[in-house]
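Survey of secondary and tertiary structure
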Amino acid sequence: MPGFAVIDLETTGFSPRQHDRIAEVAVVLTDAAGRVQDEWCTLVNPERDLGPQHVHGISAADVGLAPTFALVAPHLARLLEGRVIVAHNASFDTRFLRAEFGRVGLPVGIDPLACLCTMRLAGTFLPSAPRGLAICCELAGVVHDGAHSALGDARATAGLLEHYLGLDDADPLWAVAHEASATHSWPWLPSSGVFAPVLRGASRPTGHWLSGLSDRLDRVPFPPQADDYLALLDLALLDRYVSFTERGALLAAADEAGLSRAQVESLHHGYLDALARVALTDGVLSDSEVADLHEVAGQLGMDADDVAAAVARAASGPALGTLPDDGAHLGATPDVLGGAPDAGAHPVAEASGAVGLGTGRSADDGSAGGADTAVVVASTANGAGTPDAAVVDGESTVLVAATPVAAASAVATVADRPRFALARGDEIVLTGAMTRPREDWEREARAAGLAPWPNVTKRTRVVIAADPDSLSGKARTARRYGIPVVSERVFEELLGLVTVG
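Reading guide: rules and limits
Residues numbered from 1 in each chain as written. Predicted model: local features only at pLDDT ≥ 70, side-chain atom pairs only at ≥ 80, totals over all residues. Heavy atoms only, no water. Phe/Tyr/Trp six-rings, centres within 6.5 Å; stacked < 30°, edge-to-face > 60°. Helix = DSSP H or I, 4+ residues; strand = E, 2+ residues; numbered from the N terminus. Buried < 20%, exposed > 50% of the residue type's maximum accessible area, 1.4 Å probe, protein only. Lys NZ or Arg CZ within 6 Å of the ring centre and 35° of its normal. Pairing = 2+ DSSP bridges. Salt bridge = Lys/Arg side-chain N within 4 Å of Asp/Glu carboxyl O. pLDDT = per-residue confidence, 0-100. Contact = heavy atoms within 4.5 Å.

1. Topic: the packing of aromatic side chains
Enumeration over the complete set of coordinates arrives at seven aromatic pairs. Residues Phe-125 and Tyr-164 carry aromatic rings whose centres are separated by 4.9 Å and whose planes lie at 15° to one another, so their mutual orientation is stacked. Of this pair, Phe-125 sits in helix α5 (residues 118-125) while Tyr-164 sits in helix α7 (residues 150-167), placing them 39 residues apart in sequence. Owing to a relative accessible area of 0%, Tyr-164 belongs among the buried residues under this scheme. Members of the aromatic cluster, each reached through a chain of ring pairs, are Phe-4, Phe-125, Tyr-164 and Trp-174. Just above the ring of Trp-441 sits the side chain of Arg-436; from NZ or CZ to the centre is 4.2 Å. One cation-aromatic arrangement involves Arg-480 over Tyr-481; the distance from NZ or CZ to the ring centre is 5.7 Å.

Below is the structure:
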């Protein structure tokens, strides 16, 4: 007797008729007594937005690596062949199975006698239990780890099945189900290609994403296409997070431009320098600006020493920098702050004579620390090292001149990078299931002078998605047009910075 196939699905929504799709499938195979024999699970690329990700917790980056149902179907059919299908709320799972098999051209009829529902059977074996899987497991003493993951729920359902069989394995319903499954045949499907199951977390990098670049020798010294890479980097860092999709696009752009890993790292250092120069335009480097530099550095595989070196280079030449609390708030090591060359691949010229202002002052009350502790930059008026006077929190402060920091030859020179901003009249598009009602976002967008639009066009300025790696049609179109896809959090920030177009 083949036994049971306990199945669970995670889906993008509740109804295939509303174009919802399977995003994860798990099968636990048991013998006729309910003892586990094997298990199998994979994410499935639904080729659309993932729906309520806060419920199932599946990331778009992970399903982007997963096979489509067309690839999964042959293997899944072989797993189910000859076995009694078991699921918790089986009508839900079988409805989606019929729809997905139908999509690949194989309509299947699932005999209701060959399918058991542990939710319905709870009325017989757990008379006091409500419908939920978690409470049924609790009453039956079944472990339920990994709720709202297909494999976690399938294991729990298999545990319930074994519990029910242990209570009464002579109930005629078991024999009826086995007899029906023996005469039911799943369609034979030729394998459409070898695939490896993809599990949650598959997109999580084991090293920095730059490891995807080869360490080949430079083809040419910074080809013109390097500008294309930097433009793409601008879009990727709009939300200060390089998503999985953006990492792939950047690696492809670097490869197309003929950039080696060393060249890309050099561009990244130059990019950080450019951001530091923009931040120092007003002569003050606030804590929020320092935090922003650290955030970008982290996304590009750099650390606190690289941030401090970038600030030192940005404050050299016409402007001489001094760091409050000896630059400790930058998080760098003393040798970098003191001007020693960086021991890494991108050496920084020595900056001698930099003198700290002592404890950082807050713009609020002059006390140490605070959210607005600033680095004050002053230039030497006579070129001989004589310091200018600067005003910090209303007090006159004389800055000791520092020797200009020479630009490091290993760091590419990158033009200043203006921050992305929306202007009144810009068209924006929202896509997918969001944490807030879409109507709320559209109302706030209109109040800020923006124009919410139903579809992505080349005029679209930005697309907002619950997950920046969204697989929705709108998100895919936006990427094809080079339009940034950002999260709700970033859009909220952009709403507060809308300018007059």
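Anyway, onward from the coordinates.
2. Quick notes on the sheet that holds strand β14 (residues 485-486)
The four strands lie next to each other as β12-β11-β13-β14, forming an open sheet whose pairing is parallel. The open sheet terminates on both sides in strands that have one partner only, identified here as β12 (451-452) and β14.

3. Regarding the pattern of salt bridges
Oppositely charged side chains can form a pair if their charged atoms are brought close together. Under the counting rule described, the total for this entry stands at 18 salt bridges. Across the salt bridge formed by Arg-461 and Asp-426, the nearest N and O atoms sit 3.5 Å from each other. A residue pair is termed long-range when its members are at least 10 positions apart, and Arg-461 in strand β13 (residues 460-465) and Asp-426 in the loop between β10 (395-398) and β11 (427-431) qualify at 35 residues. Beyond isolated ion pairs, a larger network of salt bridges with shared partners links Asp-20, Arg-48 and Asp-49.

4. Topic: the confidence of the model for the protein
For any part of a model where pLDDT is low, the fine detail of the predicted coordinates should not be relied upon. A residue-level look at the protein finds 79% of positions with pLDDT of 70 or above and a mean pLDDT of 81. In the model, residues 216-220 has pLDDT below 50 throughout and makes 10 contacts with residues more than four positions away in sequence or in other chains.

5. Thoughts on the environment of Ala-254
Residue placement: Ala-254 occurs in helix α10 (residues 244-257). Separated by 29 residues in sequence, Ala-254 and Gln-225 have C-alpha atoms that sit 8.5 Å apart.

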